[in-house]
Amino acid sequence: LYFPQSSYSESVYVGQHAGSPVLQLHAMLDTELERPRFFLCWTNMLKPPHYISWFQLDENTGILSMNKTLDWNDFSSLTVKSTSAYQKVLTLMAEVAHMAHNSSSCIGNISVPISVFFINMTAPTCNETSLERICFPEKDINPHIMENRPPGPFRQLRRLTHQDLCPNFTVTYSIESEVPSPFMVDRNTSELVVTSQLDREEKEGYSLELICTVMTESKLYRFFTPLLVNVYDEDDSPPYLNGTDTEEVVIEFNRMKGASFGNLLVYDKDTTPIYPRDQIHNKFVGKLMTNDSWVKERFSVEDSFNEEKAIFGNIRGTIHKYQLILKTNILATEKRSFQLDYLVNDTTFPGSKATVMLHFNVTILPVAVHFSNVTYLFSISRQSAAFAQIGRVCVDNCLKFQGISITYRLAPAEKNASASARSCYTAVGIAPSFLDISAILYVNHTEPLRRAECQKLHFTLVAQEKKTQLQTKTQLVIQINDDLEKQSVENDCPLYCAKHRRRGPCESCGGLGAPTGRCQWRQGNGKGVSKNYSTCSPDLRTCPDGYCDVIESKNISICPQDCTTKPIVGGHERGLLHGISAGFGTCYCADKCFCENDNVVEPMCDD
Amino acid sequence: ARKGRSSCTLREAVVSVSELGLGYESDETLLFRYCSGRCVAHRRNYDVSLEHMKRAGLLGGSRQDKMRHSPCCRPTTYDDDISFLDNKNRYYTIHEVSAREC
Amino acid sequence: ARKGRSSCTLREAVVSVSELGLGYESDETLLFRYCSGRCVAHRRNYDVSLEHMKRAGLLGGSRQDKMRHSPCCRPTTYDDDISFLDNKNRYYTIHEVSAREC
Amino acid sequence: VSSSALTASGAHGLRTPVDCVKASDMCNQNPQCSSRYRIMRQCLVGKDRNTMLANKECQVALEVLQESPLYDCRCKRGMKKELQCLQSYWSIHMGLSEGEEFYETSPYEPVTIQHSDVFRLASIISGMDPATAKGNQCLDQGKPCNSCLDAAKACNLNDTCKKQRSHYISTCNKDTTAQAGARAELCNRKRCHKALRLFFDRVQTEYTYRMLFCPCRDTACAERRRQTIVPSCAFEEKVKPNCLELRKTCRSDPLCRSRLADFHTNCQTTPHSITNCPNENYQACLASYVGLIGSDMTLNYVDASYANITISPWCTCRGSGNQEEECEKFLSDFRDNTCLRNSIHAFGYGPDSGPFAKPVAVTPSPRPDAEPVRLSEPSVNQNDIKDDACVFSTCANLKENGPKCNLSNDYFCKDEPKLISME
């Protein structure tokens, strides 16, 4: 049993006499056998409000009528919510049940609120009432019919409070709708009837037009009002596939916990409410069909769903998306193939075909930690400054790795080199990059570069996968170029390039991180605060690039444009975490950073 | 004090954000407060001694080394930050742009 | 950076009390600390804006109104008082004559 | 001590409502009332509220409290201990109401002022704003004008407004990179909301309303108006929640619940009024709108259209299942609210500029259950009807007068396939 409306309402006036009907409730059946019984109940929070005794509800017909004639002090005695000076709201609760009972509270039963607006006036006479108000109430709500339920009457179209107002008028109702619809009006009872079982998956709502014809002594009037009947959904559609139930999943480079693979879709013509969260309507549950503990520890399947209309013939339905999820990292050496089945169960679908089986054909390929026969050859200038970046080293496919960690080590190739020869090798350092699995070579000490005997450094580069200890080696040669020119750099240059605010001093000085031993000037051309601001950088390949990399973060002064967290004066935008992502004119940094117009004359403390 | 050379006080002008010259483009206006005027009245023994020793060339150092022997008319505290929407509908906040006390 | 224009720092010189030029006559000497150098690095949005608006003539006011658009190299705190016996064997104490911080 | 002694009864026995903080203090000073109040709060804390309230003791507690000043106590916006007042209100209200109502009664005392000073001030200010010495082009129809820019200028020239505005902008605008997606994650929405609430609580309405409800004649102005609350942090979120879910979240917080109830009370479209607003009160509606900003149910302009504004919370009715209609109705109280539109229009162009959005043609359209604010039956006598209805002396005349007889826009007569039998 259910009420086809979420609430009922009607107005009553002073003088409304005992026995006169107010409104009629309807209850829709779930099965033909049910016999609804209607009772007034009161929400258990209060003992019944004193006005409840003014009404009586016919157990069988659901007609609410007056139990007493309302008088003026009935109105003044009320201490209920009032919506205006001359109107108070009496809130009743009605419930419907299968059999008669005497319990008073509405707990647990199917109940519906009734708002009776008690107006502090006598009822308008026939002449004082517009015919339209005889036909239709001022405001009414849309009814709803649950699909797959027996037909029956679900609304009284007549306004029972007005039925005796104009005795010599004849009021009749009929309905119309653009498309044939399973509704009619019972001419005897003026009840709106649904004439057959509805299927929401076929039609979600019916737009009817209620027509009220009033025959007075001499004239015939006709009034129209639209009525939308919503069809409520129940889980009467099984899950189904539209295409494949199998997905080929290859796990190679991305072996990281949380990685998702595959995209199997399961369709369901029913709606799946996302509110309230713990709702059980059309609830899908899934189960991994495997006893392999190895698989169970490492894999799960994630279900996400979306409400869609277009593909269900403009009727709301649900598409579930299933993805295989890694619960842990997979070792680089792991090599395995298996089929993983996943049983999807529409738990609230009564029929037999409530389940669908999905199949993930999983192939895990091992990952080789390997340098394809490459000998790294880098050349650096003798003028290189400390922290100058030499280059990046990376095992094959390392940029694709996720969930695999590789460490890199340098060792002089010649085992028994002389002490002074070995000291040359201290010039080069290696640091793991944050973002990915590569490593960056950089100038660690500049002193060896200044020594003629340090010419060519032969390293063995060792790469090792942390967990599996898989290891690989390759040769790495660093050629030290340029002879030791006369130091042409200004000797009172600051330690780092970012301090300069003009091209001249910038390019005539060196600074931390400068591979050529000279700072590089970037001339911006942006107008206002722009990403392309002018600045002096040790190495335009990496600074500024909006990313404070592993070498730059060793000393903020190497590239404050990417790494600063200090105040920035002048028009600027900060980077996501640090640095200057955009600046006005020229950006330069001393204790703090400034972004100023390029053409400003050197400021002086004027007297 | 010579005509027009009033003492160091707080002044204000309504200017647009663009007119600040910081590079932001916005038609919003703000009250820009700044310090202007002379502050001879606030000198200390330090100022008197420094001026005397500078004149007497007792402190060495080149002509370039700026040694101020009198207090400057400068803000001692700054107004709250100023936020605005620029002409591309992006919000910015500027710190320490307007003086509060001199 | 141009030669000799280092940033604002604390400097010191040993001078006699008489050389302070405060009028005292005493051969006692003291360590006179003072601030000298450029302070471009300490500018704020205020300075950048004030300078720009001064150049653009947006702030009106006569040429005389001194509006400093950059910080001055000045003491922020002063050393303790200095006492001495002058050449007529009388004791004196002078306040705020030597800088402690710039 | 009979419970009625507790009442702060007014002249004719009717209780004059006190604020809920005072009411709970009065109750706590009365042994009988305070014990019942404690029992009722325990009754309401129980997981399954219905079964908890079924027991006798809870019922008795409620009956006593009905007589206490707690029963119809109210709160004031911006009062001291406002939150405590609201908490008391909802605790007693939850006990007395019949479960989840679509429209809840506002805990706030009604704003009685009609088209109050905020409208007159706004029109005065926009007329001759001393600060923007350049005069206000917005009055001169010809000149390009951006009243929202003028509002920002006026704010920047007022120390309190400037300070509070900068506080909420710098709080909400934490991250300045371009990717809107990333920015939405990085900003601290709770802190941003708090800063926004502070701004609207502490700064005079003449500044805040001007920035929020400035009338626009072009997209740039409308986009600035939309940006006022820094929507990327205060309004938008990566995933749009279901509107009923958002309502539930809001109603689980006493402040948000109160502001939502206040909005429904003061902005609910009232067809039978000139302004479409309850009690013809634009001011109350605008105050309720502003009251929601900085809560979970923060509202904002949905786009930069200046012609017809649409205001909405950040939510969708997708995935509402059988509650789609209730969800659509809840959402339409914001998106299709003529009272709110008229209030905003009135603020921009003056209260007497007439309702901007014509009241919806009133037929007994299937407007789902709204708190029916009923005026008395319009007394219409017979002869008024004839212009409205499709009137024929008898059914036979239907044919002679042709199939369509267009009356007022909603009543028309169709060819009746069969004559109505006159049983």
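Thresholds, definitions, all that
- Residues numbered from 1 in each chain as written.
- Chains lettered and ligands numbered in written order.
- Predicted model: local features only at pLDDT ≥ 70, side-chain atom pairs only at ≥ 80, totals over all residues.
- Heavy atoms only, no water.
- Helix = DSSP H or I, 4+ residues; strand = E, 2+ residues; numbered from the N terminus.
- Rg over C-alpha atoms; globule rule 2.2 N^0.38 Å.
- Buried < 20%, exposed > 50% of the residue type's maximum accessible area, 1.4 Å probe, protein only.
- Contact = heavy atoms within 4.5 Å.
- Core = buried A, V, L, I, M, F, W, Y, C linked by side-chain atoms within 4.5 Å.
- Axes fitted to C-alpha atoms, helices over the stretch in contact; angles between N-to-C directions.
- Nonpolar A, V, L, I, M, F, W, Y, C, P; charged D, E, K, R; others polar.
- Disulfide = S-S within 2.5 Å.
- Salt bridge = Lys/Arg side-chain N within 4 Å of Asp/Glu carboxyl O.
- Phe/Tyr/Trp six-rings, centres within 6.5 Å; stacked < 30°, edge-to-face > 60°.
- Lys NZ or Arg CZ within 6 Å of the ring centre and 35° of its normal.
- Pairing = 2+ DSSP bridges.
- pLDDT = per-residue confidence, 0-100.

> It is not clear to me how the overall build of chain A should be interpreted in this structure. Could you clarify?
For chain A, the helix and strand inventory stands at six helices and 37 strands. Here the C-alpha atoms of chain A give a radius of gyration of 41 Å, more than 25% beyond the 25 Å that 2.2 N^0.38 yields for 607 residues. Expressed as lengths along the three principal axes of its C-alpha atoms, the size of chain A is roughly 120 × 80 × 50 Å. Burial statistics for chain A: of 607 residues in total, 54% are counted as buried. Restricting to contacts in chain A with at least 6 residues of sequence separation, those with at least 24 account for 67%.

> Would you mind going over the nonpolar core with me for this structure?
In a soluble, globular protein the nonpolar side chains are often hidden away together inside. Tyr168(D), Phe213(D), Tyr289(D) and Met297(D) are the most contacted members of the largest nonpolar core, which totals 63 residues. The greatest single-element share of this core, amounting to seven residues, is contributed by helix α16 (residues 282-292) of chain D. Contacts of Phe213(D), omitting those with residues within four sequence positions, involve Leu286(D), Tyr289(D), Val290(D), Tyr301(D), Ile344(D), Phe347(D) and Gly348(D). Counting 36 residues, the second-largest nonpolar core is a separate cluster that includes Phe378(A), Leu410(A), Cys454(A) and Leu476(A).

> Is there a simple way to explain the packing of helix α14 (residues 243-251) of chain D against helix α15 (residues 254-267) of chain D in this structure?
Any two packed helices are characterised by the angle at which their axes cross and by the distance between the axes. All names here are of chain D. Contact geometry of α14 with α15 gives a least axis separation of 6 Å together with a crossing angle of 120°. Touching Arg247, Cys250 and Arg251 of α14 are Cys256, Arg257 and Leu260, all from α15. Here the contact of α14 with α15 is built from residues that sort into three nonpolar, no polar and three charged.

> Which parts of the structure should I look at to understand the state of the cysteines?
The bond known as a disulfide is covalent and runs between the sulfur atoms of two cysteines. Residue and element names in this part refer to chain D. Counting across every chain of the model gives 29 disulfides over all chains. Disulfide pairing places Cys75 opposite Cys85 at an S-S distance of 2.0 Å. When the S-S torsion is -100°, as for the bridge of Cys75 with Cys85, the disulfide is left-handed. Taken together, the residues span a long stretch of sequence, with Cys75 in the loop between α4 (56-67) and α5 (82-96) and Cys85 in helix α5 at a distance of 10 residues. We note that Cys75, like Cys85, is buried. Across the disulfide from Cys267 sits Cys285; the S-S distance is 2.1 Å. Taking the sign of the S-S torsion, about 115° here, the bridge from Cys267 to Cys285 comes out right-handed. Here Cys267, found in helix α15, pairs with Cys285, found in helix α16; they are 18 residues apart in sequence, far enough to count as distant. What makes Cys267 buried here is its relative accessible area of 0%. Relative accessible area serves as the criterion here: at 0%, Cys285 is assigned to the buried category.

> Would you mind going over the pattern of salt bridges with me for this structure?
It is possible for side chains of opposite charge to pair when their charged atoms get near one another. On inspection of all chains with the given rule, the structure shows 56 salt bridges over all chains. Glu12(C) serves as the salt-bridge partner of Arg33(C), at 3.3 Å between the closest nitrogen and oxygen. Remark: Glu12(C) occurs in strand β1 (residues 9-16) and Arg33(C) occurs in strand β2 (residues 29-36); sequence separation between them is 21 residues. The class for Glu12(C) is partly exposed, based on a relative accessible area of 48%. Residues Arg77(D) and Asp262(D) are paired through a salt bridge, measuring 3.9 Å at the closest nitrogen-oxygen approach. Of this pair, Arg77(D) sits in the loop between α4 and α5 while Asp262(D) is found in helix α15, placing the two residues 185 residues apart along the sequence. Among the residues examined, Asp262(D) registers a relative accessible area of 6% and is labelled buried.

> It is not clear to me how the packing of aromatic side chains should be interpreted in this structure. Could you clarify?
If you walk through the whole model with that rule in mind, you get 42 aromatic pairs over all chains. Geometrically, the ring pair formed by Trp294(A) and Phe299(A) is tilted, given 6.3 Å between the ring centres and 50° between the ring planes. For the residue pair Trp294(A) and Phe299(A), the accessibility class agrees, reading buried in each case. Aromatic side chains Phe235(D) and Trp314(D) sit 5.5 Å apart centroid to centroid with 70° between the ring planes, which places their arrangement in the edge-to-face category. With Phe235(D) in the loop between α13 (231-234) and α14 and Trp314(D) in the loop between β2 (311-313) and α17 (324-335), this pair connects stretches of sequence that are 79 residues apart. Overall, the relative accessible area of 5% leaves Phe235(D) in the buried class. An aromatic cluster is present here, built from Tyr51(A), Trp54(A), Phe75(A) and Phe118(A) joined pairwise through their rings. Stacked on the ring of Tyr206(A), the Lys or Arg Lys203(A) has its end atom at 5.3 Å from the ring centre. In this arrangement the basic side chain of Arg225(D) is found over the ring face of Tyr301(D), its NZ or CZ atom lying 4.6 Å from the centre.

> What should I look at first to understand the environment of Ser88(D) in this one?
Residue and element names in this part refer to chain D. Looking at the secondary structure, you find Ser88 in helix α5. In this structure the C-alpha to C-alpha distance between Ser88 and His193, which are 105 residues apart in sequence, comes to 23 Å. Not counting residues within four places of it along the chain, the set of residues in contact with Ser88 comprises Cys20, Ser24 and Tyr37.

> Looking at this structure, how should I read the sheet that holds strand β12 (residues 183-186) of chain A?
Hydrogen bonds between backbone atoms are what pair the strands of a sheet, whose relative direction is either parallel or antiparallel. All names here are of chain A. With respect to topology, three strands assemble into an open sheet ordered β10-β13-β12, the strand pairing being antiparallel. Lying at the two open borders of the sheet, with one neighbouring strand each, are β10 (152-156) and β12. This sheet shows a mean twist of 35° between the axes of neighbouring strands, independent of strand direction. Summarising the sheet, β10 and strand β13 (residues 191-194) pair through four bridges and their orientation is antiparallel. Within β13, the residue paired with Gly152 across the bridge is Val194.

> Got a minute to help me understand helix α1 (residues 45-55) of chain C in this structure?
Every α-helix winds through 3.6 residues per turn, so residues three or four apart in the chain are directed the same way. Residues and elements named next belong to chain C. Counting buried positions over the 11 residues of α1 gives eight, a clear majority of the element. Of all the residues in α1, the buried ones are Asn45, Tyr46, Asp47, Val48, Ser49, Leu50, Glu51 and Met53. Just downstream of α1 lies Gly57, where phi reads positive at about 65°.

> Would you mind showing me how to read the sheet that holds strand β20 (residues 317-326) of chain A here?
All names here are of chain A. Pairing is antiparallel in the open sheet, where three strands are placed in the order β17-β20-β19. On the outer flanks of this sheet lie β17 (260-268) and β19 (299-308), each paired with one strand and no other. The mean inter-strand angle of the sheet, taken between neighbouring strand axes irrespective of direction, is 20°. Sheet topology note: the β17/β20 ladder contains seven bridges and is antiparallel. If you follow Val266 over to β20, its bridge partner there is His320.

> In this structure, what is going on with the confidence of the model for chain B? I would like to understand it.
Low-pLDDT stretches of the model should not have their predicted coordinates read in fine detail. Averaged over every residue, the pLDDT of chain B is 83; residues scoring 70 or more account for 87%. The weakest mean pLDDT in chain B belongs to helix α1 (residues 45-55) of chain B at 82; the strongest belongs to strand β4 (residues 82-85) of chain B at 95.

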